[in-house]
Structure formats: structure tokens, C-alpha cells
Amino acid sequence: MITRIQNALEKCGISLWRINETAEETAELFFVRKKLDTRRVKDVHKYQVGVFRDVEAEGETKRGCTFTNLIASMDDAQIEEELKSAYYAAQFAANPYYELPDPVKAPLVEKTGALAEATLAESAGKMARALFAPDTHEDAFVNSAEIFAHRCLCRILSSEGADVSYTDAYVKGEFVVQCKQPEDVEIHNTYFYDELNEQALSDKVAEALTFVRDRARAQRVLKSGKYDLVLSGNAVGEILSYYRWRSYAQTIYAKYSTWQKGEDVQGTDAAGERLELTLLAREPYSEEGIPMEDLALLKNGKLQAYHGHNRFCRYLGVKPTGGYEKLSCANGTVSFEELKKGPCLWAVTFSDFQMDAMSGHFGGEIRLAYLIDGDTVTPVTGGSVNGSILEAQKNLTFSTERYTSGRYDGPYAVRLKDVSIAGEGA
């Protein structure tokens, strides 16, 4: 198929192009309670072709690019028609001229580890056993669950001479926990791991069962005001995504962010922990064929690098790095138990917790939180969080306990001072 696409590109007179080939296998398990309801296996082979076209506009050369998806069942005439259509459209997507990525040729990079080396059925089965291992209670239980074990082979070729490939494997899914008394409630959870992390999934389910049990008896007594807010798990990664987005080359180029390398982006008045952040390369190459490696993002709260796709890095005059999906935080000074000492609100589940990187605001509607005052811990529900990372980053305290997922690796919890909470209590 690759040869057919290359021949069609030549026949259509398209000299600048990139082909992304993906062969993906998936084993999927669907459970109702602990009973396996559906089992599916997928094997999908995809080809995405990007075509580049240089045009003269406003007295200068500009470069446009569009993409099209091809499948092996297409005949040569259909492939050529798709490529011609994409090439025609590329002239209307012209941007300031930029050089394409430097070509790299290298042998296949194969992912190692249990998840990459076991069969998909074995991996899915192990994660299913891990998911249901904590489900041993009558009052709170796993209502339903989905498990997706993926393995893929990715190859990237370009007209400039790039030819690299690698294998990847990951497992993701979701589960719903339920408690019927004294109030019938459900909490939806998602997970993503790039290793066969059975213990992490079991711990996540065990915690979710505790949370849904407490949600069933939570009170609507939370009053509006300023609280020391404790966030944990995925919410910590969501908060820290602000720094990844604000240092993204596209964001810098568009002037949505004014950050400069070397700038103290955490602020010189930050009295809490100084941020130590690293972007982690999940794959050896980006979708553009750019070699990727772990990249220091913040050291002592100061910006170390821009990162992003080729075009915007070229515009900024920095080395293209590829786009990162995973963030690591090296902070953590106190135990989680110590972190919760003193009056605070530990918010654990939200209807939808989000970080708005444009404004720096974060928030969400609270489904369950623990109002902590000395030895008194009260499960509460209702109300919402409305904070600003620009203020919160001045006083950050992270737990020494760690949390790992496919998108975030860092402290399990963080404490933020004086965050605005809209409550529902009298």
C-alpha cells in the first residue's frame, strides 16, 4: 500500500508529502457488574497522507498543508482522486513559509515491558482481574466497566527522506461505581496506563468505592468562602497542564502566552514549593517523525523550553520537539496525612473539573469533598470550585505520595491556599 501511495503521489505531481501508517490491534472487554457481557477484537490498518503545496501570495512564498485518509481497499484511481483533492485544498490553507522536519532514518524502535510483550487478551484479562479485585463489598460495587488493550505499529515516511517506525502499547477504559444506600449514586471514572500497572488500577478502584460510599451519605452543608483546597489524582495533572499549554510553541507564536525562556513563570513572590516539571516522551517519534526525548519544562519555577509541532517551532526559531501528552512533576515535601492537617476542603470528584489555560482559572462542580477541621471529617456534596492558578501557584504544597497514569506522573495531591468555593449550605 505504501508503494501504491508513493506512486500515486508521483503521478499527481505532488513532491512534498508525509505518510503516517498505523496498524492497530485492540482487545475490548465490557462488563456488567462482574459478568463479561461483550468481548471484541479489532485489527485496523490506516494511512494518513499529508500533502504540502507552496503558493505565491502577497509577494511571498507560503506553504499550505492538508491531510487525507486512505484505506487499502481503494483502487489506484480512488487514491489519486483523494490526493488531488487534498492537494487542491492545500492552496487555501497557506501559512507563512516554514521548513519541513529534518529527515531521520532509523531501525524500528520496539516498546518493551509486560504490556508490549504479552498478548492483548492476556493484558486485558490481567487488568480485568485487577479492576475487580477490590470489588468485595455489598454496599458499594463496580456497576459496569470497559477495558481496552491496544498495541500498534506506527511508521512515518516523508518526501524529505524520513523513514522511522515504532511500536506502542497501552491500556485504557472506564468504570462506574455505585452505592444504593442511603442515596442511590454513581460515579464515573476513567483510566489510562502505558504500562501493565495492575496495582495502580486496583488502588484507583478501591479509592473510587470509598468515594461513592461517602458520596451516598454526603451532606449539602458546604458554605461559600475561601478554603485551603486539596486536589488529588487526575485533578493535579489537570492543574499542572496550565504550564504545558502556556509553553506550547503554537500558543507562544499566536501570542496567547507571553512567556519567555528563562522567565520565572511561577512568580518571584511564590512562597511555597518551586515547580519542577518535565515533559515525558511516550513515543520515540512525533507524528511528524521528529525524535522525541524527555524535556525539562520548569526548573525552580523558571521556563526552560518551548515545545510543539514543527511549523510553530520553526517560526520561533527553536528546535522542533514534537507534541507532548505526558507531564511529570518532581515536587513533594510532606506526607498526604500532613498535607490535610489544618482546616481544608479535599475535593475528590467533580462533575467536570477543568483548567482554562487561557485565563488561568480552574474549577468544577463538586460531587464529593471532605470538609476537614481537626479530627472532624465531613463528606459534603454540592457547590463548586472557582480558583486561579496565578494566585494558587504562590503557595503550593505537594504530597510525597505519588500518582501515575498515562498522562501524568507526579505527587498524588496538592494543597492550594485561599481558593474561592461557592457552597450550598445555609
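Below is a summary of the structure that appears in this document. (Residues numbered from 1 in each chain as written. Predicted model: local features only at pLDDT ≥ 70, side-chain atom pairs only at ≥ 80, totals over all residues. Heavy atoms only, no water.)

Examining the nonpolar core
And step 1. Residues Leu131, Ile147, Phe175, Leu231, Leu240, Tyr243 and Phe362 are the most contacted members of the largest nonpolar core, which totals 103 residues.
And step 2. Considering each element in turn, this core owes the most residues, 8 residues, to helix 5 (residues 198-216).
And step 3. Core analysis: the second largest hydrophobic core is formed by 17 residues, Ala8, Val49, Leu70 and Met74 among them. (Core = buried A, V, L, I, M, F, W, Y, C linked by side-chain atoms within 4.5 Å. Buried < 20%, exposed > 50% of the residue type's maximum accessible area, 1.4 Å probe, protein only. Helix = DSSP H or I, 4+ residues; strand = E, 2+ residues; numbered from the N terminus.)

Looking at the pattern of salt bridges
And step 1. For the structure shown, the criterion picks out 25 salt bridges.
And step 2. Residue Lys62 is joined to Glu58 by a salt bridge in which the shortest nitrogen-to-oxygen separation is 3.5 Å.
And step 3. Residue Lys62 is classed as buried on the basis of its relative accessible area, which comes to 15%.
And step 4. Here Asp194 makes a salt bridge to Lys326, at a shortest N to O gap of 3.3 Å. Placement of the pair is Asp194 in the loop between strand 7 (185-193) and helix 5 and Lys326 in strand 12 (residues 326-329), with a sequence separation of 132 residues.
And step 5. By relative accessible area, which is 11% here, Asp194 ends up buried.
And step 6. When salt bridges that share partners are traced, they join Lys111, Asp168, Asp194, Arg282, Glu283 and Lys326 into one network. (Salt bridge = Lys/Arg side-chain N within 4 Å of Asp/Glu carboxyl O.)

Structural notes on the pairing of strand 16 (residues 376-380)
And step 1. Taken together, the 5 bridges between strand 15 (residues 361-373) and strand 16 define a ladder with antiparallel strand orientation. Note on strand 16: the bridge partner recorded for Leu371 is Thr378.
And step 2. Counting the residues between successive antiparallel strands, the hairpin from strand 15 to strand 16 contains 2 residues, one of them, Gly374, with a positive phi of roughly 70 degrees. (Pairing = 2+ DSSP bridges.)

Considerations on the environment of Gly382
And step 1. Examined against the element boundaries, Gly382 turns out to sit in the loop between strand 16 and strand 17 (384-388).
And step 2. Note: C-alpha distance between Gly382 and Tyr227 (155 residues apart in sequence) is 15 Å.
And step 3. Apart from residues no more than four positions distant in its own chain, Gly382 is found in contact with Arg220, Leu222, Ile366 and Glu424. (Contact = heavy atoms within 4.5 Å.)

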